[in-house]
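Descriptive analysis of the structure
Single-letter residue listing:
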Amino acid sequence: MRDKSRFLASNSQYLQYPLQRFASSMEKLGFRNLDFLPRTPHFWCSHTGYEDPSHLTSLLHERGLSVKVLTPPAYRYSLTASAGRQRQATVDYYVNCLSLAKTLGAQALSLGASGACWDRSEAELRRNAQEMLVLLCTEAEGLGVTLLLSPVMGPETPLIAESPILVRVGEMAQMIRDVGHPRLKVLLETNVMSSVGESIPQWFDLLGDAIGLVRLVDGNYHGWRGWGEGCLPIDRYLEDLDAVGYDGALSILLPGDRYVEAPEYYEETVLSILERR
């Protein structure tokens, strides 16, 4: 079985249960490192501020859990927002999230271009995202946190489309160049990658060391699935990651709430597949 410490489990499927239930499950399953969603009922965070994190930090410490990556929900905030209230609220939200990441000891914060206005030109959306990322990178640098730009579902998946931009690897590489800040890296997400017909070797050929995290999930054109329940070749992806020499963290955060009725089932499925390797 592969080193379990490389895998970042998440509370994404536990949001109908108390935080204590999630922490107990992680302890039982043997996961210690997390890709954590600061979302109610587990934690409240918005553009206006965030709750006292002492309860969260105390519980994590008691259970031997460590937040490595913070993944705040996009809600109605958007990196691509034009000037106005939504743009300022988005900046304030992610600044608060960066502060929270620092408090929790997280090394990185992931965010993407979901919530884009499809009536705007792609050039305007890219310009807005670039300007906001430059601002957030300055904040991240002062806190010692890295931003991970995550691709989002685009026009190829109309039922779950999130943005017309920052979907493909070429766009991600161009944004990294345009922002030009060492605190900005990218997150490779396998279901988004597959939805546009791209591959792990392509991503590493174009982005290399700029890939700061891999989110290894299964899925299809209708959404995200647990390992072995979508149409993606998880075993081949693991082999591809070995072949390109990636030895960093592997997040198994699963967007959506497909397994909330039995949240442990998802991680148990991941572990069963890893045990067979």
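Residues numbered from 1 in each chain as written. Predicted model: local features only at pLDDT ≥ 70, side-chain atom pairs only at ≥ 80, totals over all residues. Heavy atoms only, no water.

1. Brief notes about the side chain of Thr157
Turning to its location among the elements, Thr157 is positioned in the loop between strand 7 (146-150) and helix 5 (169-179). Contacts of Thr157, omitting those with residues within four sequence positions, involve Ser195 and Tyr221. (Helix = DSSP H or I, 4+ residues; strand = E, 2+ residues; numbered from the N terminus. Contact = heavy atoms within 4.5 Å.)

2. Some details on the sheet that holds strand 6 (residues 108-112)
If you trace the 8 strands once around the closed barrel, you get 1-2-5-6-7-8-9-12, paired in parallel fashion. Here strand 7 runs beside strand 8 (residues 184-189); their pairing, made up of 3 bridges, is parallel. If you follow Leu147 over to strand 8, its bridge partner there is Leu184. (Pairing = 2+ DSSP bridges.)

3. Section: the pairing of strand 6
The side chains of a regular strand alternate between both faces of the sheet. Among the 5 residues that make up strand 6, 5 are buried, leaving the element largely enclosed by the rest of the structure. Burial along strand 6 is two-sided: Ala108, Ser110 and Gly112 and Leu109 and Leu111, pointing in opposite directions, are all buried. Summarising the sheet, strand 5 (residues 66-70) and strand 6 pair through 2 bridges and their orientation is parallel. Across the sheet, Leu70 pairs through a bridge with Leu109, a residue of strand 6. Relative to strand 7, strand 6 runs parallel, the two being bridged by 5 bridges. Following the sheet pairing, Leu109 is matched in strand 7 by Leu147. Each parallel crossover has a hand, and for strand 6 linked through helix 4 (residues 122-143) to strand 7 it is right-handed. (Buried < 20%, exposed > 50% of the residue type's maximum accessible area, 1.4 Å probe, protein only. Right-handed = clockwise from strand over helix to strand, strands pointing away.)

4. As for the pattern of salt bridges
Under the defined criterion, the tally for this structure stands at 10 salt bridges. Measuring nitrogen to oxygen at the nearest pair gives 4.0 Å for the salt bridge that ties Glu198 to Arg168. Here Glu198, found in the loop between helix 6 (190-195) and helix 7 (200-207), pairs with Arg168, found in the loop between strand 7 and helix 5; they are 30 residues apart in sequence, far enough to count as distant. Relative accessible area serves as the criterion here: at 34%, Arg168 is assigned to the partly exposed category. Across the salt bridge formed by Arg236 and Asp240, the nearest N and O atoms sit 3.8 Å from each other. A residue pair is termed a helical-turn pair when its members lie 3 or 4 positions apart in one helix, as Arg236 and Asp240 do in helix 8 (residues 234-243) at 4 residues. Residue classification places Arg236 among the partly exposed residues on the basis of a relative accessible area of 46%. Several salt bridges share partner residues, and in doing so they unite Glu122, Arg126 and Glu171 into one network. (Salt bridge = Lys/Arg side-chain N within 4 Å of Asp/Glu carboxyl O.)

5. Things to note about the environment of Tyr93
Structurally, the position occupied by Tyr93 is in helix 3 (residues 85-104). Residue Tyr93 is classed as buried on the basis of its relative accessible area of 0%. In this structure the C-alpha to C-alpha distance between Tyr93 and Asp242, which are 149 residues apart in sequence, comes to 36 Å. Setting aside residues up to four positions removed in sequence, Tyr93 forms contacts with Cys45, Ser46, His47, Pro72, Pro73, Tyr75 and Tyr77. Here Pro73 takes part through its backbone oxygen, which lies 2.6 Å from a polar atom of the side chain of Tyr93. (Polar contact = N/O pair within 3.5 Å; in protein donor to acceptor, adjacent residues only side chain to side chain.)

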